[in-house]
Amino acid sequence: MKLISRFLAGVSLALKQPLAGFFDVETTHGDALVTKHGDYLTFLRIGGMKRMSTRNDIARLSEVLRVELSGTLEGKGHAIVGWYLSDPEMAGVEIERVSLNSCRKVGRDLGLDLSDLLDERARLWSKTMRYEAACLILWTQKTVLNKEETKQMKEERAQAARECPAIGEAQRFYMRSELMAAHHEGFVSRVAQAMRGVDVSVTEMSARDALILAREAMYRETAGSSWTPTLIGDRVMSRLPEDDEKNPSKEGLLWPSLRGQFFHDDAVTNGGQVVEVGAYEYASVDLVIGPEDPRPFVELAATLGQDRAPWRCCFILEGGGQGAMAMKEIGASFLAIFPQNRDLQRGFAALRAAREEDNHISVKLRASFATWAKAGDTRALRRRASTLAQRIEGWGGCKATRIAGDPLEGVMSTVPGIALASTGNPSLALLGEALPMLPWNHTVSPWAEGSVLFRLPSGAIWPYDPAGGSKRPVVIDVFVAPPGSGKSVIANTINLGLCLSSAVLGGATPKLPMIGKLDIGPSAEGFVRLVREKLGPEREHEAIYVKMQFAPGFEFNIFDLQVGCEEPLPLERAFLETFLSLLTLPPDTSKPFEGLVQMIKLVIDEAYRRCKDVPGGQPKRYAPGVEPLVDEAIDRYRIELHSEFSIWRDIVTALCERGEYRLAEIAQRHAVPVLEDLIVAARSEQVRDMFEALKIDMTSESASQLFDRYIRDVIRRFPTLNQPTSLDFGSARIIVVDLQEVAPKGSAAANRQTEIMYLLGRHILARNFFLIPDYARYVPEAVRPYHARRFQEVYESVKRLDYDEWHRTKGSELVRAQAELDAREGRKHNVQLGFSSQRLDDMGDAIIAQSTGRFILRVGDEREAEQAIERFNLSEAAAQIVRHGLHGPGPNGAPFLFVLSVEGAKYEQFLVNQIGPVELWALSTTPNDSALRNRLYAAVGFEEALRRLAVVFLKGSAEKEIERRKAARIKAGALEAAAEAGVVDDLASEIIDGRGVALKLRPYENEGAELLDAAQ
């Protein structure tokens, strides 16, 4: 009876009655799959192209591929299958996999609760993005072998079969052949090398991953599941035979058949051309006649991407096409007397001429497509199938049909890798015209996952990892666009992504990355407020936003040291020399006076020496009541003070000995020099002996007199620089310093002040960014273990330093020289840099040359467009985007051109940064929006304010409503400033009370109240 069942099952499989009849894969051999006929196949996952391309570019690259692959496809035995899948309905699963899952985990580990923003991203992105996958499936058939090899393989296989006991339905592992494997490996290597040669990213997939991909294509409801096949070499639990079976085979001890593992649900044909498989209904579309004007695949994918309908396709290119069609050509020549055959005869003549003149071979081309919908939604399926057929026919003049002889076979033709079969009509095509039709010419991200997700205009997902990592060890970003183009939003998006990336996992415990930003205006205030609120009250000190002022409470002493040290580290000394050189420059010059730099170095040494307890020194005396926390520690630890002359340095040492490094740092601020100490140091005997004779020609002063005059002027103008530090950032990891009130512009003196503030701000933010473990040898032995651990932790952490409004430093050689030095040495210290400005000219050649990420959000005019194209050496496709595609933020996000250097390769991508209304409101930098947001923060709290704003103003801005109301008030006679403030106040009041423009809030609140009453 069992033999009869097996016979009937074999007949059924041969006739392709059940689904398993369409599955030819028998076993595996390394990363290759082996069919029941002994053919080999391998999946190459296509990432895509690194740079955008025009149709002419793709034609040129296809010609290169044609030359490389003609030899392998000229005869029979090899086939290339181009497979592609686009599924907007599974975008949510893919978005979670490539980004949000890791963001949620990092956020939990870090204690940064951003679940509401991440949930909003999931909801928004799943509506605008789509999952896509593309592969080249490379087949090597037995016909590739010559007679001797075929004979040898048959003998080897027969011998293996004789030695193998009966194994029933288990995988027939003896179908593997080293001869076939050798031919196949050469073919795979050649195709992969050819693809990489035209800058297309391809990766050979393992046999396991290939089967998972094929099964997820077959059963779309399993996408993202944990299913994995059992392959040869895997551990497998034995299966017991039936009790009445007297001579059981070894099937139960071996690996189960792949077809038995692959299929879990049968297929049902409904209504003639609709096939139900699992939870979905499918319809197929076949290519009947190839295109009159062959076009790149990316054009078809982009068009269908806008339709947001799921679809997949298989293009089969088989070698030996010319031989296969020889008889048809002969038949066409015999029947040339009939007019309808003359076009066919001319077509064959053209193919023959291409072969004879250009050695351009022909291949057999077949193509099948399929789309699907939820089971039971047949109307949607038919609509999608109709749209798919129309789009195919509009792709270069193809002819398509929705009728297949066997509907199930038509659908199965688009499942990758299960068989080399298609219901599509075979065509004879020139290889160079067929290659662009394969799905390799879309663009790709160098990262498979990332905490930031951008998207292509077509909806494809584009992950970005702001941490850089091994792929991008040098991270120097420039952001170029006029105001209002989304520079600040994308910069904040990247910094927030950095907080949710692998950058936080460098140490023993997760920590926020070290981010410093010099801001002009409140562009990063929303980002800091967001992080502070999400960290909670106990950790809000880890993110700080400071609006710098020359007022009490903002004192900062440039001479501060690492705790326990008496001398500056090399990098600190270099900063002091640069900063003091800038302070002693006339406003309209950039070159220090001759000899003054050498004098400054000596003055710095003398100033620190005088603060030590050494002969001739004048260490700073301790005064009770100056630092209450230090006073309390002195009492708590019973630190003995010198009865007559207690100095701050002794207290620093005592606190360090007791491990109170934070308090020791506070005490040390009073033990170091301040600016006025330089005046005394410059008059010391050592300095006077060396520089007394040095005269400044421009002013006829001695160097000491000039130095004295400039330092006194700085103390008068900037008194906060001549006091012990009180601007305390403590253990903050994210610090934003807004320089708007202290960085004027206009006159030479104002520009010089701005230079001073940029250099000072850079020191405030990054004085610890460039610490390295080797610096431990410069610190006193007593605190060396503490600093060794600290320096190592800082060195291993990801740091980022951003400069806003970089054009303010134009003409400042010292500031730009410091930035260029940071750019050159950033990689050694794991420091990222970001520069934002309105024009490309503002960046400077050195920064542009060293930058590895160029974000172009918009250009001012045609001249700037051409300048960017030339400076970045953009391709023609990217140049067209710069000229015509950058229109600024809109309802669907902010488009930008991203020119990126990764692993020595150049990427050019046209992307969109799209974030939801809650995130837009949290990160908004528009003055009116910020004012409205801050009023609501104060009235209803952080999260509730963002929720209400996102409901009332879905686009993330109230600017248009504010402008409308403001215009009405001005027309009624109100002053502009009063009108604007009054409008913001009125809007805030309406949103708080749920009236006027905010009436839509009331249904939500009433529903919530009813639910609360019911619960009570």
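About the thresholds
- Residues numbered from 1 in each chain as written.
- Predicted model: local features only at pLDDT ≥ 70, side-chain atom pairs only at ≥ 80, totals over all residues.
- Heavy atoms only, no water.
- Buried < 20%, exposed > 50% of the residue type's maximum accessible area, 1.4 Å probe, protein only.
- Helix = DSSP H or I, 4+ residues; strand = E, 2+ residues; numbered from the N terminus.
- Pairing = 2+ DSSP bridges.
- Expected span 1.5 Å × (residues − 1).
- Bend = angle between axes of the 7 residues up to and from the residue.
- Contact = heavy atoms within 4.5 Å.
- Disulfide = S-S within 2.5 Å.
- Patch = residues over 30% accessible without salt bridge, like charges linked within 9 Å, V, L, I, M, F, W, Y side chains within 5 Å.
- Areas by Shrake-Rupley, 256 points an atom, 1.4 Å probe, with all protein chains shown as cover.
- Salt bridge = Lys/Arg side-chain N within 4 Å of Asp/Glu carboxyl O.
- Lys, Arg positive; Asp, Glu negative; His and termini not counted.
- Charge placed at Lys NZ, Arg CZ, Asp CG, Glu CD.
- Core = buried A, V, L, I, M, F, W, Y, C linked by side-chain atoms within 4.5 Å.
- Polar contact = N/O pair within 3.5 Å; in protein donor to acceptor, adjacent residues only side chain to side chain.
- Arc of directions from axis to C-beta.

Draft legend 1. Inspection of the pairing of strand β14 (residues 452-455) at higher detail. Residues of β14 alternate between two faces, with Val452 and Phe454 on one and Leu453 and Arg455 on the opposite face, all of them buried. Bridge analysis of β14 against strand β15 (residues 461-464) gives 4 bridges, and the strand direction is antiparallel. Residue pairing for β15: Phe454 is matched across the bridge by Trp462. Hairpin connection, β14 to β15: the antiparallel pair is bridged by 5 residues, and Gly459 has positive phi, about 105°.

Draft legend 2. Examining helix α3 (residues 91-110) more closely. Helix length check: α3, at 20 residues, gives a terminal C-alpha distance of 27 Å against a target of 28 Å (1.5 Å per residue), a fit within 8%. At Arg97, α3 shows its largest kink, close to 55°. Turning to α3, its buried residues are Ala91, Glu94, Ile95, Glu96, Val98, Ser99, Leu100, Cys103, Val106, Gly107 and Leu110. Where α3 is buried, its residues touch β4 (78-87), α4 (115-128), β5 (131-140), β14, β15 and α16 (487-499). A positive phi of about 75° marks Gly111, the residue just after α3.

Draft legend 3. Geometry of the state of the cysteines. One pass over the structure, following the stated rule, counts 0 disulfides. Cysteine Cys314 remains unbridged, with the sulfur of Cys313 as its closest cysteine sulfur at 6.9 Å. Judged by its relative accessible area of 4%, Cys314 is buried. The structure places no disulfide on Cys398, whose sulfur is separated from the nearest cysteine sulfur, that of Cys313, by 12 Å. By relative accessible area, Cys398 is classed as buried at 2%.

Draft legend 4. View of a negative patch on the surface. Taken together, the side chains of Asp31, Glu148, Glu155, Glu156, Glu178, Glu185, Glu204 and Asp209 present a region of like negative charge at the surface. Only α5 (147-163) and α6 (178-197) provide two or more residues apiece to the negative patch. Looking at the negative patch, the element that brings in the most residues is α5, giving 3 residues. Within the secondary structure, Asp209 sits in helix α7 (residues 207-218).

Draft legend 5. Quick look at the nonpolar core. Counting residues in each nonpolar core, the largest one holds 127 residues, and the members touching the most others are Leu580, Leu739 and Phe835. Excluding its chain neighbours within four sequence positions, the residues that come into contact with Phe835 are Ile476, Asp477, Val478, Phe479, Tyr803, Trp806, Ala819, Met843 and Ile847. Among the nonpolar cores identified, the runner-up in size contains 61 residues, and Leu110, Leu453, Leu530 and Phe942 belong to it.

Draft legend 6. Structural view of the pattern of salt bridges. Summed over all chains, the structure comprises 67 salt bridges. With a closest N to O distance of 3.3 Å, Arg130 and Glu132 form a salt bridge. Among the residues examined, Arg130 registers a relative accessible area of 3% and is labelled buried. Note on Glu132: relative accessible area 22%, which makes it partly exposed. A salt bridge links Asp713 to Arg717; the shortest N-O distance between them is 3.0 Å. You can see Asp713 and its partner Arg717 sitting in helix α25 (residues 703-717), 4 residues apart, about one turn around the helix. For Asp713, a relative accessible area of 26% corresponds to the partly exposed category. Given a relative accessible area of 31%, Arg717 falls into the partly exposed group.

Draft legend 7. Seen up close, the environment of Ala981. Positionally, Ala981 belongs in helix α36 (residues 976-993). Between the alpha carbons of Ala981 and Arg733 there is a distance of 35 Å; along the sequence they are 248 residues apart.

Draft legend 8. Spatial organisation of the side chain of Ser422. Structurally, the position occupied by Ser422 is in the loop between α14 (407-412) and β13 (427-430). Looking at Ser422, its side chain comes within polar contact range of the side chain of Ser368, at 2.6 Å. There is a polar contact of 3.0 Å between the side chain of Ser422 and the backbone nitrogen of Gly424. Beyond its immediate sequence surroundings of up to four residues, Ser422 is in contact with Ile316, Arg366, Ala367, Ser368 and Ser413.

Draft legend 9. Up close: helix α30 (residues 862-871). Regarding α30, the residues found buried are Glu864, Ala865, Ala868 and Ile869. Taken around the axis of α30, the buried residues stretch over an arc of 140°, which confines them to a single face. Opposite the packed face of α30, turned more than 90 degrees from it, sit the exposed residues Glu862, Arg863 and Glu870. Contacts from the buried residues of α30 go to β24 (853-856) and α31 (876-884).

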